[in-house]
Amino acid sequence: MNLHSIDTGYFKLDGGAMFGVVPKTLWNRHNPADEKNLCNWAMRCLLIEDGDKLILIDTGLGDKQDEKFFGFYDLSGDASLLDSIKKAGFSAEDVTDVVLTHLHFDHVGGAVKYNTDKSLLLPTFPKATYWSNEAHWQWATNPNPREKASFLKENILPIKESGQLKFIEKGISPFSNINFIHVDGHTEQMMLPVISYKNQKIIYAADLIPSSYHLPLPWVMSYDVRPLMTMVEKETVLKKAVDEKCILMFEHDPIYEAAIVEQTEKGIKILERGDLEIFL
């Protein structure tokens, strides 16, 4: 097995939305906001070589929406999903599986692309099976008013129409070295991949713990539909990370790809953080 951190660029989101009830005087020390109160965030995916499988976890923002849409998010960085996969030594045709932790636009946008004349939406990875779960799929395709702007039909429906969509049942994994933690605080049935790599486990924390700055239990995003549940789920996952010495991989941290944590008298804290490869 080989693991590749996949950079798809950066975008900006409102600092208050990303840190919820936490005062700006606290969170601004970690990820300083610009004059519009926006903070910079990564959209970091993970590519897993495992035997004859090449598994991609999440797909970033993509490039299908119009200039007005992208103007809300101040995109930056030179990397793109396909360029980063190519840098790792692969092409879109090599990907066998795409695991979507959930279907918010910054996680699923790169899963679908336009054809050359923009007349048709097609899966970006033509030979891949796309994995979601039935409860979250129903949640995303019949969205509640709070999340409706995050579930874009053009990112989601073409996956099913292509015939490439399959569902992961809770407690059952289609992969020999990846299990899943299902959580409901951020959105219904978000899936956190737990990758067994050599003698280690890597938890891809998705939007349960979007960055290394979100470790304290009350530091919960305003985007979460059930913030109190997020706190309980975060505590459980962090305890697992301590007890089983797991590596946490952060999808949105603008600087740090991963971290290991430890239990202290003041709660669970970061012991070390940096690029994923230093922990492998």
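Residues numbered from 1 in each chain as written. Predicted model: local features only at pLDDT ≥ 70, side-chain atom pairs only at ≥ 80, totals over all residues. Heavy atoms only, no water.

1. A few points about the overall build of the chain
Then step 1. The helix and strand inventory of the chain stands at 8 helices and 14 strands.
Then step 2. Whereas a compact globule of 280 residues would reach a radius of gyration of roughly 19 Å, the chain reaches 18 Å, a difference of no more than 12%.
Then step 3. Seen along its three principal axes, the alpha-carbon backbone of the chain occupies a region of about 55 × 45 × 35 Å.
Then step 4. Counting over 280 residues, the chain shows a buried share of 51%.
Then step 5. For the chain, contacts bridging at least 24 residues in sequence account for 68% of all contacts bridging at least 6.
Then step 6. Carbon together with sulfur atoms contributes 51% to the accessible area of the chain, which is approximately 13000 Å² in total.
Then step 7. Once the 29 positive and 40 negative side-chain charges of the chain are each reduced to a mean point, those two points are 3 Å apart. (Helix = DSSP H or I, 4+ residues; strand = E, 2+ residues; numbered from the N terminus. Rg over C-alpha atoms; globule rule 2.2 N^0.38 Å. Buried < 20%, exposed > 50% of the residue type's maximum accessible area, 1.4 Å probe, protein only. Contact = heavy atoms within 4.5 Å. Areas by Shrake-Rupley, 256 points an atom, 1.4 Å probe, with all protein chains shown as cover. Lys, Arg positive; Asp, Glu negative; His and termini not counted. Charge placed at Lys NZ, Arg CZ, Asp CG, Glu CD.)

2. Quick look at the sheet that holds strand β14 (residues 267-274)
Then step 1. Read from one edge to the other, the open sheet built from 6 strands follows the order β9-β10-β11-β12-β13-β14, with strand pairing classed as mixed. Every interior strand has two partners, whereas the edge strands, β9 (178-183) and β14, have only one. In this sheet, neighbouring strand axes are inclined to one another by 30° on average, regardless of whether the strands run parallel or antiparallel.
Then step 2. The pairing of strand β11 (residues 200-204) with strand β12 (residues 247-249) spans 3 bridges and is classified as parallel. The residue bridging tyrosine 204 from the neighbouring strand is methionine 249, located in β12.
Then step 3. Sitting on the sheet, helix α8 (residues 227-243) is in contact with β9, β10 (190-197), β11, β12, β13 (258-264) and β14, with an inclination near 90° to β13. (Pairing = 2+ DSSP bridges. Axes fitted to C-alpha atoms, helices over the stretch in contact; angles between N-to-C directions.)

3. Considerations on the side chain of glutamate 257
Then step 1. Checked against the element boundaries, glutamate 257 lands in the loop between β12 and β13.
Then step 2. Among buried charged residues, glutamate 257 stands out as having no salt bridge; its nearest opposite-charge side chain is arginine 44, 4.3 Å away.
Then step 3. When neighbours within four sequence positions are excluded, glutamate 257 is seen to be in contact with Ser5, Arg44, Leu248, Met249, Phe250, Gly274, Asp275 and Leu276. (Salt bridge = Lys/Arg side-chain N within 4 Å of Asp/Glu carboxyl O.)

4. Regarding the nonpolar core
Nonpolar side chains in soluble globular proteins generally cluster together in the buried interior.
Then step 1. One finds Leu46, Ile48, Leu192, Ile195 and Ile209 to be the most contacted residues of the largest nonpolar core, which totals 42 residues.
Then step 2. Those elements that provide at least two residues to this core are β2 (38-50), β3 (53-57), β9, β10, β11, α8, β12 and β13.
Then step 3. Examining the composition of this core, we find that 6 residues originate from one element, β10, more than from any other.
Then step 4. Aside from chain neighbours lying at most four places away, what touches isoleucine 195 is Met1, Leu3, Leu46, Ile48, Ile57, Asn177, Ile178, Gln200, Lys201 and Ile202.
Then step 5. Residues Ile6, Ala92, Leu100 and Ala111 belong to the second largest nonpolar core, which totals 24 residues. (Core = buried A, V, L, I, M, F, W, Y, C linked by side-chain atoms within 4.5 Å.)

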